Amino acid sequence: MTVPGAERAVTACLADLTTTGTTPAGFTDPADWAGLVTPSAVPPSGIPGVQVDGFFPDTSRTNTNHGWNHDAQFVLRLPDRWNGGLVVAGPPGTREQYANDPIISDPVLASGYAYAATDKGNTGPDVASDGARPGDAILEWHRRLTQLTRAARIVTARHYGRTPARTYAAGLSAGGYLVRWQLEHHPELYTGGIDWNALIFTPGTNLLTTLPPALRAYPAYANGDTAGHGALLAAGYPAGSEPAWGFSYTNLWAPLQHQIRAELDPSYDGDEAAYDLASRPASVRAAVARLSLSGHLRRPLVSVQGTLDALTPPSRYADTYDRLIAKAGRTALHREHRVPGGAHTDGLVALAPAVFQPVLPRFVTAFTELEQWTDPSVRVGPAHKDASTRPTR
């Protein structure tokens, strides 16, 4: 199967495109999605179709999936029983193209959608090594999702004999940031989008403004200092999210502060916890501005936000984007759901099952809401009960 613009594309007909089938068959990588789903989550199964793995031309080589050692990798999944729609996603963090398999690919495939995902063009801990200018690596994330969406629409049309009637962008965390950017900049490609605990970049709110206060306060909190606890709460980290703070400090806050700071402000050589974006040169703030959202949505967006998110806390991220949307006069295009007890990822539920609640079930129902909002004629339900197309392979 030919993918427009791809340097390589490998096609396989599979008995099951969900993680139930692709995991034992070697057509996904559980390491990509480790920590994103609760162990108790039950994936769907029995969705036959075609999977295409490949990559677009790129010069960076951090993605080792398939032994290709090549970035700009993608996956496309085309179920035999198609409902006429397409969902396109980018991964959270610096993960790779299979990261969304249990949380986005599985549920949308079970509803009959074709699915496509990109690795965003650079992966791993050293994104700052990609690109010539500060911000280039993150801007490539947007370019790669746009590139894949265009290609996936063409591949889907060729495979089924008609253009997708609906194309949705979907994503968690950094992937949610990509959704918002796409709906602000490329309305011609999408019917709408859905984000989950979305990261944002704005001049005043981004990881470089929210992570340093957490890095400064956490060591004192860990040593039992009530002032450290108060400082974290004052920085916006929700009361009740404390069971995730230790994990977040080691695995999210410190690594992400270094990665994003190195990408946007490579000349800084001080303590990451002492970082102060407002005092940095104008060129750094200009790099942030290149990546910033405006709130000027041009297609419908449904946002799902956990109330106990300790990476993109609602008062700093969701509320900031709400204000941008209102300022842009686009509130009619945005709906939001707060999920009580929702942590940044469902993998964190295991840290405190009595406190944290999985967000995936709410994400699935919110996607149904997006479908019915953007096209009330959509018949929502498992695709195997209402097939619209059986392609010839």
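Anything mentioned here points back to the structure above.
The structure displayed is predicted, hence computed values, not measured ones. (Residues numbered from 1 in each chain as written. Predicted model: local features only at pLDDT ≥ 70, side-chain atom pairs only at ≥ 80, totals over all residues. Heavy atoms only, no water.)

1. Brief notes about the overall build of the protein chain
Of the regular secondary structure elements, the protein chain holds 10 helices and 9 strands. Here the C-alpha atoms of the protein chain give a radius of gyration of 20 Å, agreeing with the 21 Å that 2.2 N^0.38 yields for 393 residues. Its C-alpha atoms put the protein chain at 65 × 45 × 45 Å along the principal axes. Per-residue burial for the protein chain yields a buried fraction of 58% across its 393 residues. Put simply, of all contacts in the protein chain between residues at least 6 apart along the chain, 76% involve residues at least 24 apart. Surface summary for the protein chain: the accessible area is close to 14400 Å², and the carbon and sulfur share equals 54%. Between the centroid of the 33 positive side chains of the protein chain and the centroid of its 36 negative side chains there is a distance of 8 Å. (Helix = DSSP H or I, 4+ residues; strand = E, 2+ residues; numbered from the N terminus. Rg over C-alpha atoms; globule rule 2.2 N^0.38 Å. Buried < 20%, exposed > 50% of the residue type's maximum accessible area, 1.4 Å probe, protein only. Contact = heavy atoms within 4.5 Å. Areas by Shrake-Rupley, 256 points an atom, 1.4 Å probe, with all protein chains shown as cover. Lys, Arg positive; Asp, Glu negative; His and termini not counted. Charge placed at Lys NZ, Arg CZ, Asp CG, Glu CD.)

2. Topic: the sheet that holds strand 2 (residues 49-55)
Paired through backbone hydrogen bonds, the strands of a sheet run either parallel or antiparallel to each other. Strands sit in the order 1-2-3-5-4-6-7-8-9 across an open sheet of 9 strands; the sheet is mixed. Single-partner strands in this sheet number two, and they are strand 1 (8-14) and strand 9 (334-339). The sheet shows a mean angle of 15° between the axes of neighbouring strands, taken without regard to direction. Looking at chain direction, strand 4 (residues 85-89) and strand 5 (residues 114-118) are connected through 4 bridges and run parallel. Counted as the bridge partner of Leu86 is Ala114 from strand 5. Relative to the sheet, helix 3 (residues 136-160) contacts strand 2, strand 3 (73-79), strand 4, strand 5 and strand 6 (166-172), its axis offset from that of strand 3 by approximately 30°. (Pairing = 2+ DSSP bridges. Axes fitted to C-alpha atoms, helices over the stretch in contact; angles between N-to-C directions.)

3. Some details on the pairing of strand 5
Along strand 5, 5 of the 5 residues are buried, which leaves the element largely enclosed by surrounding structure. Going residue by residue along strand 5, you find Ala114, Ala116 and Thr118 tucked away on one face and Tyr115 and Ala117 tucked away on the opposite face as well. Pairing of strand 3 with strand 5 involves 4 bridges; the strand directions are antiparallel. Within strand 5, the residue paired with Leu76 across the bridge is Ala116. Each parallel crossover has a hand, and the one from strand 4 via helix 2 (residues 101-110) to strand 5 is right-handed. (Right-handed = clockwise from strand over helix to strand, strands pointing away.)

4. A closer look at the packing of aromatic side chains
Scanning all chains against the criterion turns up 14 aromatic pairs. With a centroid separation of 5.4 Å and 75° between ring planes, the pair formed by Tyr113 and Phe367 is classed as edge-to-face. Here the residue Tyr113 occupies a position in the loop between helix 2 and strand 5, and Phe367 occupies one in helix 10 (residues 360-374), the gap between them amounting to 254 residues. Taking the relative accessible area as the measure of exposure, Tyr113 reaches 0% and is therefore buried. Summarising the aromatic geometry, the rings of Tyr218 and Tyr221 are spaced 5.8 Å apart at their centres and angled 50° between planes, so their arrangement reads as tilted. (Phe/Tyr/Trp six-rings, centres within 6.5 Å; stacked < 30°, edge-to-face > 60°.)

5. With respect to the nonpolar core
In terms of nonpolar packing, the biggest core is built from 73 residues, with Tyr177, Tyr237 and Trp253 touching the most fellow members. Looking at which element gives the most residues to this core, the answer is helix 3, with 8 residues. Setting aside residues up to four positions removed in sequence, Trp253 forms contacts with Leu211, Ala214, Leu215, Tyr218, Leu232, Tyr237, Trp245, Ser248, Ala310 and Leu311. Membership of the second largest hydrophobic core comes to 34 residues, among which are Ile103, Leu172, Val339 and Phe363. (Core = buried A, V, L, I, M, F, W, Y, C linked by side-chain atoms within 4.5 Å.)

6. Some words on helix 3
Its 25 residues place the ends of helix 3 36 Å apart at the C-alpha level, agreeing with the 36 Å of an ideal helix rising 1.5 Å per residue. Positive backbone phi, at 90°, marks Gly161, one or two positions downstream of helix 3. (Expected span 1.5 Å × (residues − 1).)

7. Section: the packing of helix 3 against helix 4 (residues 174-185)
Angle between the axes and distance between the axes: these two values describe a pair of packed helices. Where helix 3 contacts helix 4, the two axes come as close as 10 Å, and the packing angle between them is 65°. Comparing the axis directions of helix 3 and helix 4 gives the class roughly perpendicular. By crossing handedness, the relation of helix 3 to helix 4 is classed as right-handed. Here helix 3 contributes Ile138, Leu139, Trp141, His142, Leu145 and Thr146 to the contact with helix 4, which in turn contributes Ala174, Tyr177, Leu178, Trp181 and Gln182. Its residues assigned to classes, the contact of helix 3 with helix 4 shows 8 nonpolar, 3 polar and no charged. (Parallel < 35°, antiparallel > 145°, perpendicular 65-115°, else oblique. Left-handed = near helix turned anticlockwise from the far one by under 90°. Nonpolar A, V, L, I, M, F, W, Y, C, P; charged D, E, K, R; others polar.)

8. As for the pattern of salt bridges
One pass over the structure, following the stated rule, counts 13 salt bridges. The salt bridge partner of Asp136 is Arg290, with a shortest N-O separation of 3.0 Å. Pair noted here: Asp136 is in helix 3 and Arg290 is in helix 8 (residues 282-291), with a separation of 154 residues, a long-range link. Where salt bridges share partners, they join Asp58, Glu140, Arg143 and Arg144 into one cluster. (Salt bridge = Lys/Arg side-chain N within 4 Å of Asp/Glu carboxyl O.)

9. A look at the pairing of strand 4
Residues in a regular strand point their side chains to alternate faces of the sheet. Judged by how many residues are buried, strand 4 sits mostly within the fold: 5 of 5 residues are covered. Of the two faces of strand 4, both are covered, the one formed by Gly85, Val87 and Ala89 as well as the one formed by Leu86 and Val88.

10. Some thoughts on unusual backbone geometry
Within the chain, His66 stands out as a residue other than glycine whose phi angle is a positive 65°. With respect to the element layout, His66 can be found in the loop between strand 2 and strand 3. A positive phi angle, close to 65°, is found at Ala72, a residue other than glycine. Locating Ala72 in the fold gives a position in the loop between strand 2 and strand 3.

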